[in-house]
Amino acid sequence: MEAKGYTQDGTVDLQGRPVIASKTGKWRACAFLVGYEAFERMAFYGVASNLVVYLTTQLHEDNVSSVRNVNNWSGSVWMTPILGAYIADSYLGRFWTFTVSSLIYVLGMVLLTMAVSLKFLKPTCANGVCNKASTSQIAFFYSALYIIAVGSGGTKPNISTFGADQFDDFNAKEKELKVSFFNWWMFSSFLGALFATLGLVYIQENLGWGLGYGIPTVGLLLSLFIFYIGTPIYRHKVRKSKSPARDLIRVPIAAFKNRKLTLPTQPSELHELELQHYSSSGKRQVHHTPTFRQVVPSTGSVTLDCFLDKAAIKEGNMGTTRPPCTVTQVEGTKLVFGMIMIWLVTLIPSTIWAQINTLFVKQGTTLDRHLGSSFQIPAASLGSFVTLSMLLSVPMYDRYFVPLMRRKTGNPRGITLLQRIGIGFMLQVIAVAIAYGIGDVFNAIGLLEFFYDQSPEDMQSLGTTFFTSGIGVGNFLNSFLVTVVDKITRRGGGKSWIGKNLNDTHLDYYYGFLLVISALNLGAFLWASGKYIYKRENIEVYVDGVQVESKALDTSPLAIQV
């Protein structure tokens, strides 16, 4: 394969034929994908960033209801990728799942534009004051929003992983290029978000909501056009398992059946296929790790790690037609459980992120935003300061911070993925509002790359949904917190922290509450990351045609090695 110039990871073209490494993939293909992401994020944030203003000014929802509805919709947008990723990994593949979902996405945007443009679908307004929307108008508007959520469910988890697929992990030069991929992927996302928060929200409030939603709809169509231009040079990963998520069920069941058996003293005595099997099939062998392994002194019992290892015991499967699970299968299940542990401590930071398109915007409506006598900055545009800080920080991180730390640590990424996430969380705790944009360069990008990198090979679309679902649950948590805090602080005739008039409330108390739970969550993250052990793969890497042995980039815990 190497002699003929084909990719070493088994990627193919759209017709299933092996692809030439020099003519496909890499940044040449990713340029189209990055272009798509910029326009798609412009479309999404063109809706999301100012939605709370539309709900309060056009549909007459109160602050608590509007924040709750925006959070519920945003949560759905970030949760539906679980289904989209499962369909991609198990049935259609990333490209075709994306294609079908993008049509649903476009349909939702068209319907939403109609909902704010056509007279019979929107509330009537006079002198800037709108009448209450009818039940049918509200139903049509929210139906369009949730159709967008369904479409986004198939596009969001697959487009970023499809981009990462354009780099061959078996090629040392391409693997090095891949290190920067997620940085610049998110940079393009921030660029689209910046245009939305600076330009589209102004158009929506000053030139009309129909035009303000129509432009991102056209932008979404343009993004798809850009995406499909690159079809001839895209690389597609071949599905190696019919149902990759099946191991998540099979391994615990097998371990339970073997629960009374004694684990061998050496991991090498567990069932595993020969390395040649993985090399010939294009799969990756995952080495045994002591993830979660701790003996409880008082009982002598062991934790989840040893329990799952029992699924690979050879003794319990003698005389049966079905072989035991392999170490690689067991390790894949461990990886998922390990990512769940990290995922849990990302929920509070995601709750903080949910403030940007809800309470931050509503708070902005109370400020004096006039520049001169005739120009007023839209409240939703204040969020562009966060985006600007991200756009400035990403190139600095990729071009200066990573090379500097790479020389000090020897890690190709500069620092480990969990170190990057932890720094982002610490910045968030230090200053929730001021430093959050810079913190996001560390935690948001780090989380997306972490969940992709640490996922089992056949579940990388599903793996990235740990990132999206964390944001989704964060939105739902914020909706829950806003509702509960409002009810509790309103008891006995008290003043609500989040009332209709933000100038007469204690929103500062609510932010202080978020700061406290963020600090506590940072402690939980440090504990969880200290327990996590990175994936260790055994793959053949080629450098200028010479085969060398390689393992995962990250093998150290959070603590900086000296």
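Residues numbered from 1 in each chain as written. Predicted model: local features only at pLDDT ≥ 70, side-chain atom pairs only at ≥ 80, totals over all residues. Heavy atoms only, no water.

As recorded by an unreviewed UniProt entry, the chain carries the name Protein NRT1/ PTR family 5.1 and is attributed to Vitis vinifera. The chain has a UniProt comment under Subcellular location (unreviewed entry) that states "Membrane". UniProt annotates the chain under Sequence similarities (unreviewed entry) with the comment "Belongs to the major facilitator superfamily. Proton-dependent oligopeptide transporter (POT/PTR) (TC 2.A.17) family." (UniProt positions renumbered as here; feature names shortened; annotations may be inferred.)

Colleague: Now, about the UniProt feature "transmembrane region" (unreviewed entry) in the chain: what can you tell me, with residues and values included?
Modeller: Under the UniProt annotation, "transmembrane region" (unreviewed entry) lies at residues 95-116, 181-203, 209-230, 335-356, 376-397, 417-438 and 509-528. End C-alpha to end C-alpha, residues 95-116 measures 32 Å, and it is 100% helix and 0% strand. Helix makes up 100% of residues 181-203 and strand 0%, and the two end C-alpha atoms of the span are 33 Å apart. (Helix = DSSP H or I, 4+ residues; strand = E, 2+ residues; numbered from the N terminus.)

Colleague: I'd like a rundown of the environment of Ser-117, residues and numbers included.
Modeller: Assignment of secondary structure puts Ser-117 in helix α4 (residues 81-117). Judged by its relative accessible area of 31%, Ser-117 falls in the partly exposed class. The spatial distance from the C-alpha of Ser-117 to the C-alpha of Gly-208 is 8.5 Å, given a sequence separation of 91 residues. Separated by 2.6 Å, the side chain of Ser-117 and the backbone oxygen of Thr-113 make a polar contact. (Buried < 20%, exposed > 50% of the residue type's maximum accessible area, 1.4 Å probe, protein only. Polar contact = N/O pair within 3.5 Å; in protein donor to acceptor, adjacent residues only side chain to side chain.)

Colleague: Break down the packing of helix α12 (residues 327-344) against helix α18 (residues 460-490) for me, citing the residues and quoting the values.
Modeller: Following both chains from N to C, one finds α12 and α18 inclined at 30 degrees, their axes separated by 11 Å at the closest point. When the axes of α12 and α18 are compared, the crossing they make is right-handed. Every residue of α18 that contacts α12 at Val-336, Met-339, Ile-340 and Trp-343 is listed here: Phe-466, Ser-469, Gly-470 and Val-473. For the contact of α12 with α18, the per-class residue count stands at 6 nonpolar, 2 polar and no charged. (Axes fitted to C-alpha atoms, helices over the stretch in contact; angles between N-to-C directions. Left-handed = near helix turned anticlockwise from the far one by under 90°. Contact = heavy atoms within 4.5 Å. Nonpolar A, V, L, I, M, F, W, Y, C, P; charged D, E, K, R; others polar.)

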